[in-house]
There are 2 protein chains.
Amino acid sequence: MLEKKLTPMSLEHVQIQDKFWKGYMELVRNHVIPYQWEALNDRIENAEPSYCIQNFRVAAGLQKGTFQGMVFQDSDVYKWLEAVAWSLMWHPDGELEKTADETIELIGKAQQPDGYLDTYYIINGLEKRFTNLMDNHELYCLGHMTEAAVAYYKTTGKRKFLDIAVGYANCVYEHLGTEEGKIPGYPGHEVAEMALCALYDITKDERHLKLAKYFIDQRGRQPLFFDEECRKNGNKCYWDDTYMKKQYYQAGKPVRDQDKAEGHAVRAVYLYTGMAEVASRTEDRGLFEACEKLWDNIVNRQMYVTGAIGATEHGEAFSFDYDLPNDTVYGETCAAIGLIFFARRMLEITKDGRYADVMERALYNGVISGMSLDGQKFFYVNPLEVVPEACEKDYNKRHVKPVRQKWFGCACCPPNVARLLSSLAGYAFEENEQELYVNLYTGGILDTVKNGKKNRLVIETEYPWKGRVKIRIENQEDTAFTLALRIPGWCQGYVLKVNGENAEKRPEKGYVLLERTWKNGDEISLDMDMPVQILEANPRVREDIGKVAVARGPVVYCLEEADNGDQLQEIYLKEEPEFKETYEPELLKGVVTIQAKGKRVSREGWEKESLYRTYTGKKFEDADLKFIPYYAWTNRTPGEMTVWVRV
Amino acid sequence: MLEKKLTPMSLEHVQIQDKFWKGYMELVRNHVIPYQWEALNDRIENAEPSYCIQNFRVAAGLQKGTFQGMVFQDSDVYKWLEAVAWSLMWHPDGELEKTADETIELIGKAQQPDGYLDTYYIINGLEKRFTNLMDNHELYCLGHMTEAAVAYYKTTGKRKFLDIAVGYANCVYEHLGTEEGKIPGYPGHEVAEMALCALYDITKDERHLKLAKYFIDQRGRQPLFFDEECRKNGNKCYWDDTYMKKQYYQAGKPVRDQDKAEGHAVRAVYLYTGMAEVASRTEDRGLFEACEKLWDNIVNRQMYVTGAIGATEHGEAFSFDYDLPNDTVYGETCAAIGLIFFARRMLEITKDGRYADVMERALYNGVISGMSLDGQKFFYVNPLEVVPEACEKDYNKRHVKPVRQKWFGCACCPPNVARLLSSLAGYAFEENEQELYVNLYTGGILDTVKNGKKNRLVIETEYPWKGRVKIRIENQEDTAFTLALRIPGWCQGYVLKVNGENAEKRPEKGYVLLERTWKNGDEISLDMDMPVQILEANPRVREDIGKVAVARGPVVYCLEEADNGDQLQEIYLKEEPEFKETYEPELLKGVVTIQAKGKRVSREGWEKESLYRTYTGKKFEDADLKFIPYYAWTNRTPGEMTVWVRV
């Protein structure tokens, strides 16, 4: 059975109170959301205007003008509204809600009588709509609109935005499909698939699920719609090189026949998320098996140790199995976020902790590396090895930046970080009638009703710096339910106690299931060993051979020039590195740093010589190494950085 | 004093009789030259036509048509004529000479009354000539025409082609310069500088040297001519990105202020060769010092161990100091050839063997790797590390081919190989009135006049496979002269005897100078130790750290999949590799192979696991390694290859 066995806890029932995550959430609330609002309204000095709100005003007939910005500019306001919605759920804010309502009002005014809503075509001529689904993002905008509308409805109960999304979805349903008279197209950039499933959960309107399923089923079928569309548009196809073709769009073959993650990485994981959603709602075993194959391909062949995906800048794409260059990687923040989306759906269907392992890996590394510690600068690309001089002078690394950038022309990553972090509790805690799953450890207060009885869980932890988690149950009536605690894949040993008594159990698919009648004041303590770990990559990964990565708990570490000098390639970790872990509260907003015994290739004799000489044997000098969490790199003086270190 | 102290021996006085080099020279004579003639005449099936001869016919009014091919298509026939000229010198061939004469006749018919001769502008409209010197290669064609004309004059004594070149050079002299009414331009692609110097040596017409010097002096001066030209042409500048700008053309600043090799690598070394030529003829110390700085920058910071130069595909260019990626390298065959041009001029000015060392390194590795052993296929790009799957699937390696290609749309490399190898004796043997310098060791017969007396040197060697060289003097009268024998930089020990008696002397700048009165029958034997050598790179070279290269004599070796299996990154050389050298006459036209004790990273446990796991320590399995000469790679089954091996 493929139905989802778990649902994210509603954000209004969780108060995250956690030094680590609450800090990020407040950054999003206090910096990212207000900043983006200014950006959407073209009020940021020295930044390229967004034109996003202006396009809606023009489309609504409120002002004169042309469409400006990216063809998918509409989606920026939708992502902002989604972040706002999630944020309002755990932090009500009347003024922000009023701004959101007014924005939704404006969006509604731009909507056409038949429900259509994409300002690019409303402004440039509706007769052209649905003629370039491959590249013009109309259905991408539908997807983000719908995701935002669902979130806003869940938060506020207001139907206005939801109705707008329903109107556009129904309009698309009328025009797209394999039936006579319809256009047999599907999204060039996926996201509508998962969004329509979420919409269906609220509307229970079969059309919404059917449309999602149709998008999945039709994709990659012969004769290929994108080929036909291309022909009609004069064969102007941006990605028609031998490296990409329609695989860029995951449309090289029907999705059920796909077993390798291909093409644009964000699109890919958005598609797979949608596939999992449709499979679970339609009990489509074949579709789910494709999800499993694609998942396995990503995590066993194409995922960086930081959870980053997308090895190449060319098409912001997956490349090929075991091809994981650390310095020319793309590793888009949005792609790591999309991987988390996919992971959560697979987890909800299977209750298997290995999906949560990847979710955690991506979250603590490849996702939050995308935002500076002050919440004001962002990475699109998240490299695992950087030499600033190379970023500047090597054309192949032109996409790799040694410092985070203020905002982007294509502003997809910052609002994506915002909507993920604002809704983090839903990833950390999931439940069903009988069970409460703790997928990620973060301090906070959870209110849940089990067997009709109110229960509160108070979680205290200093995760990810310490492996100890304390959970106190508060209830007025004893309540029987299962508390599922994830034992992370990185965890090699732990002590689990309930009210001070050993409660160890063999984990089932990565979770210890504590099934009992909980009384008020019951205390669970989970104490996970969190030593420094040394990781190695499969020897087929050319870029990592002879190297190791240092990790501790879910956090992957790196060497930065600020602590270790430059020419990081000269550094080796010793076989017996004698790690010393220190919590440094003043450093990088408080991190555990790792010091280690290392060595550096001796430069002796090279002063006089030049590029090549007779090999003199392995000569090293001792070096004290200091590792910091990868996500926090380049928050000090910019310089070299590397995750993988020679050994 | 900067005048040249050495001059290449005239090719008609040298008969190379050497298994290694004569084979290459005959390949050029029997395959490359005839094949290219067919190509120039569009008679190769399944190949893009060259249009080169056709363009001349159209320009001459002999047939109707438009200009077709590259804007520098004319240069192809000039390079062919130069190769023919050198080849005719050591292998007279009446029919080939007749074809060459007819071709020169045709070229002459296309020449304009004022001497102008570039078919692109003759066909497309002369009013446009000299309006896009930056990108349209008019002066590049002048350069190659002049080089060919000089060679043909030296070989045949016929003035026709020389007069054509003089005509065009004088026409350019009339139109270009800083004088009132002239265009203050210079070549976008250098080569005319060195060519005009060679022309001046024959014509003694001051205009030719002045024009070369003007090209050198004016380049990069402010206000920048190329900027002005760009403006006039509507600012369409192909290389105006931040990585390149005018540095692509070595025009970022005046050449005397340049101290780093920059931009398009072929253009760069052609320019530096021209600078050395001008400096030596004008006693321009500042200009020569710039040559020295640029030389040092190349060989100490930007040269591959194979003598390849040009680290990046973007602009086929130098990148930055110590940036020497082995897999995305450009390493154009023509650039290694250009480095040899530059080296020979520096050697002629300084008599310093370190220039010959680089000449030898490039010749035996990065140049001849560009041609297949059957002389029928060519590399433009000469990588030091190849994974065929990556060539196919990694966009950043799209320029790297796992097998040599039949011919090129832009056919610059094959004829460049042809003209170099046809004139190889001039690089190997140079002389002046008193001295004969043996720069490179190759078997053959040299006829030279010293002190007015005829002397013949008969050289026997199995170089590069054996370090023994025997030279026998044949003369009718005793002759006093100096025989300078190069002791290569790679040579750590040697025995030198004259008539069986020890004749060891401290080498001066890399040469042992045997200054004596030579008698008929005198025998010199030089026996250089030629053990396998392990080389390491400066630790600043990120790509080579922890790795070594294996070499023997001047030959750099590599591992190929055909001998060692795939996943070459897993292979380590042992610290005590116990090399075994074997001459294999049947393999790759006869090569010394090197077997060594190595090890391979164990794949144990990886069957069950995926991408990352806890480090299990260094685990290897023994592996027998077999190295072949780098230049001969991918002449068998295509597969992986690497020069640098972990240790």
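Rules and cut-offs
- Residues numbered from 1 in each chain as written.
- Chains lettered and ligands numbered in written order.
- Predicted model: local features only at pLDDT ≥ 70, side-chain atom pairs only at ≥ 80, totals over all residues.
- Heavy atoms only, no water.
- Axes fitted to C-alpha atoms, helices over the stretch in contact; angles between N-to-C directions.
- Helix = DSSP H or I, 4+ residues; strand = E, 2+ residues; numbered from the N terminus.
- Parallel < 35°, antiparallel > 145°, perpendicular 65-115°, else oblique.
- Left-handed = near helix turned anticlockwise from the far one by under 90°.
- Contact = heavy atoms within 4.5 Å.
- Nonpolar A, V, L, I, M, F, W, Y, C, P; charged D, E, K, R; others polar.
- Expected span 1.5 Å × (residues − 1).
- Buried < 20%, exposed > 50% of the residue type's maximum accessible area, 1.4 Å probe, protein only.
- Buried area = accessible area lost by both parts, 1.4 Å probe.
- Salt bridge = Lys/Arg side-chain N within 4 Å of Asp/Glu carboxyl O.
- Polar contact = N/O pair within 3.5 Å; in protein donor to acceptor, adjacent residues only side chain to side chain.
- Pairing = 2+ DSSP bridges.

J.: Tell me about the packing of helix H1 (residues 19–40) of chain A against helix H16 (residues 413–422) of chain A, and please be specific about residues and values.
T.: Residue and element names in this part refer to chain A. With their axes 9 Å apart at the nearest point, H1 and H16 run at an angle of 135° to one another. On the basis of their axis angle, the class for H1 and H16 is oblique. Of the two elements, H1 crosses H16, and the hand of that crossing is left-handed. In this structure, H1 contributes Trp 21, Tyr 24, Met 25, Val 28, Val 32 and Gln 36 to the contact, and H16 contributes Pro 414, Pro 415, Ala 418, Leu 421 and Ser 422. The residue inventory of the contact of H1 with H16, partitioned by class, reads nine nonpolar, two polar and no charged.

J.: Give me the lowdown on helix H3 (residues 74–90) of chain A, citing residues and values where you can.
T.: Each full turn of the α-helix corresponds to 3.6 residues, which orients residues three or four apart in the same direction. Compared with the 24 Å implied by 1.5 Å per residue over 17 residues, the 26 Å span of H3 of chain A between its first and last C-alpha is a close match. Where burial is concerned, most of H3 of chain A is hidden: 17 out of the 17 residues are buried.

J.: Requested: an account of the interface of chain A and chain B, with residues and values cited.
T.: Counting residues at the interface gives 60 residues for chain A, matched by 60 residues for chain B. In terms of surface lost to chain B, no three residues of chain A exceed Glu 536, Arg 542 and Tyr 612 of chain A, which account for 15% of the buried area on that side. We note a salt bridge from Arg 542 of chain B to Glu 640 of chain A, for which the minimum N-O separation is 2.8 Å. Applying the counting criterion to the chain A and chain B interface returns 26 residue pairs in polar contact (both at pLDDT 80 or more). Residue composition of the side of chain A that touches chain B, by class: 29 nonpolar, 14 polar and 17 charged. Note that strand E14 (residues 532–537) of chain A and strand E20 (residues 612–614) of chain B share three bridges and pair antiparallel. By the bridge assignment, Leu 535 of chain A is partnered in E20 of chain B with Thr 614 of chain B.

J.: Which residues make up the environment of Thr 99 of chain A, and what are the values?
T.: Along the chain, Thr 99 of chain A falls in helix H4 (residues 94–110). For Thr 99 of chain A, the residues in contact, after removing those within four places along its chain, are Trp 37 and Trp 80 of chain A.

J.: Give me the lowdown on the sheet that holds strand E2 (residues 14–16) of chain B, citing residues and values where you can.
T.: All names here are of chain B. Taken in spatial order, the seven strands make up an open sheet running E2-E6-E7-E8-E13-E10-E11, and their pairing is antiparallel. Bordering the open sheet on either side are E2 and strand E11 (501–502), each of which pairs with just one other strand. Here strand E6 (residues 444–450) pairs with strand E7 (residues 453–461) via seven bridges, running antiparallel. Bridge pairing in E7 links Leu 446 to Leu 457.

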